[in-house]
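Report on the structure
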2 protein chains.
Amino acid sequence: MIGRLNHVAIAVPDLEAASAQYRDTLGANVGAPQDEPDHGVTVVFIELPNTKIELLYPLGDDSPINGFLEKNPSGGIHHVCYEVDDILAARDQLVEKGARILGNGEPKIGAHGKPVLFLHPKDFQGTLVELEQV
Amino acid sequence: MIGRLNHVAIAVPDLEAASAQYRDTLGANVGAPQDEPDHGVTVVFIELPNTKIELLYPLGDDSPINGFLEKNPSGGIHHVCYEVDDILAARDQLVEKGARILGNGEPKIGAHGKPVLFLHPKDFQGTLVELEQV
């Protein structure tokens, strides 16, 4: 069911420092910050030849990554995102196999303007998994 | 400097359960377990169309992931691995920019038979970064 790894998301306590580290120290192709108010994050995409790294920084007091950064003040890898062809078919298949979908179980529009869902980390070895329909 | 994302490594407390979850629930292409005694891990590679997921399970009492699994009993994302063309040139450039290399600073032969180095997570937003020469 899952296809490409769309991105790896890394939550960071300082977006400018993290962007500079990837651009200047690791020599990667780092984009400009984009506010995503619907998701409570500011994101910076790092384009690698085969996938993307998504740096996440909290936007607003209700940001879903505030808790993660409280637990991991230096930052850390937050989630992986796998691509699927049909997110509703993927969801139904996962639920049938006992996996839990976060939130109300309905896809939201993600940072790339595509429908996304998040799966419960307890069902996937402590890893938060995002699915994105492409 | 960095090229492709070679893999994302996920430490897991139960390799068989994790393999089954990726194979049967997520429908991915999951390989057979391989013992890597030099690295203190048993690994399972999951082939995605554009990169790999590497499931890591401790091998032996001195496994470098024992501590991680003690802190994260359900498992979790352990590191990301970026490809470089020349690992010694990459190392020298990183050290010059103030990044710290783990261990004695000399590349070891990694799970794919290629020279690898690990960078200090404190220098990279709490993320353990592996570099692999390809």
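An unreviewed UniProt entry lists chain A under the name methylmalonyl-CoA epimerase, with Marivivens niveibacter given as the organism. Quoted straight from UniProt, the Catalytic activity (unreviewed entry) entry for chain A says "(R)-methylmalonyl-CoA = (S)-methylmalonyl-CoA".

Among all positions in helix α3 (residues 87–96) of chain B, only I87(B), A90(B), R91(B) and L94(B) are buried. An end-on view of α3(B) places all buried positions within 100° of arc, on one side of the element. On the buried face of α3(B), the contacting elements are α1 (15–25) of chain A together with β6 (76–84), β8 (115–119) and β9 (129–133) of chain B. Its side-chain oxygen at 3.1 Å from the backbone nitrogen of L88(B), D86(B) defines the N-terminal cap of α3(B). A positive backbone phi angle near 95° is found at G98(B), which sits one or two residues after α3(B).

The biggest cluster of nonpolar side chains holds 60 residues, and the ones touching the most others in it are L55(A), Y82(A), L131(A), L55(B), Y82(B) and L131(B). Apart from the residues within four sequence positions on either side, L55(B) is in contact with I10(B), V12(B), L15(B), A18(B), S19(B), Y22(B), T42(B), V43(B), V44(B) and I46(B).

Let's shift gears to the side chain of H79(A). Position of H79(A) among the secondary structure elements: in strand β6 (residues 76–84). Look at H79(A) and you get buried, because its relative accessible area is 3%. Engagement of the side chain of H79(A) in a polar contact is seen with the side chain of H7(A), the distance being 3.3 Å. Separated by 3.0 Å, the side chains of H79(A) and E130(A) make a polar contact. When residues no more than four places from it in sequence are discounted, the contact partners of H79(A) are H7(A), V8(A), A9(A), E54(A), L56(A), F118(A), L128(A), E130(A) and I77(B).

This part is about the interface of chain B and chain A. Each partner contributes residues to the interface: chain B has 39 residues there, and chain A has 39 residues. When chain B packs against chain A, the two sides together hide about 3,400 Å² of surface, and 63% of this comes from carbon and sulfur. Across the chain B-chain A interface, the total number found is zero salt bridges. Taken together, the connections running from chain B to chain A amount to 19 residue pairs in polar contact (both at pLDDT 80 or more). Taken together, the elements giving at least two residues each to the side of chain B that touches chain A come down to β1 (5–11), α1 (15–25) and β6 of chain B. When residues of the side of chain B that touches chain A are assigned to their parent elements, the largest contribution, six residues, is made by α1(B). Along the lines of polarity and charge, the residues of the side of chain B that touches chain A split into 21 nonpolar, 13 polar and five charged.

Residues and elements named next belong to chain B. Tracing the backbone through its elements, the reader meets K114 in the loop between β7 (108–109) and β8. We classify K114 as partly exposed; its relative accessible area is 32%. Linking K114 and V134, residues 20 residues apart in sequence, is a C-alpha distance of 6.8 Å.

What follows covers the pattern of salt bridges. All chains considered together, the criterion is met by ten salt bridges over all chains. In this structure, the salt-bridge partner of E83(A) is R4(A), at a minimum N-O distance of 2.8 Å. Here E83(A) is found in strand β6, whereas its partner R4(A) is found in the segment before β1 (5–11), with 79 residues between them in sequence. Two residues, R91(B) and E106(B), come together in a salt bridge whose shortest N-O distance is 3.2 Å. Pair noted here: R91(B) is in helix α3 and E106(B) is in the loop between α3 and β7, with a separation of 15 residues, a long-range link. For R91(B), a relative accessible area of 15% puts it in the buried group. Because the salt bridges share partners, they merge into one network encompassing R91(A), D92(A) and E106(A).

Procedures and definitions
Residues numbered from 1 in each chain as written. Chains lettered and ligands numbered in written order. Predicted model: local features only at pLDDT ≥ 70, side-chain atom pairs only at ≥ 80, totals over all residues. Heavy atoms only, no water. UniProt positions renumbered as here; feature names shortened; annotations may be inferred. Buried < 20%, exposed > 50% of the residue type's maximum accessible area, 1.4 Å probe, protein only. Helix = DSSP H or I, 4+ residues; strand = E, 2+ residues; numbered from the N terminus. Arc of directions from axis to C-beta. Contact = heavy atoms within 4.5 Å. Polar contact = N/O pair within 3.5 Å; in protein donor to acceptor, adjacent residues only side chain to side chain. Core = buried A, V, L, I, M, F, W, Y, C linked by side-chain atoms within 4.5 Å. Buried area = accessible area lost by both parts, 1.4 Å probe. Salt bridge = Lys/Arg side-chain N within 4 Å of Asp/Glu carboxyl O. Nonpolar A, V, L, I, M, F, W, Y, C, P; charged D, E, K, R; others polar.

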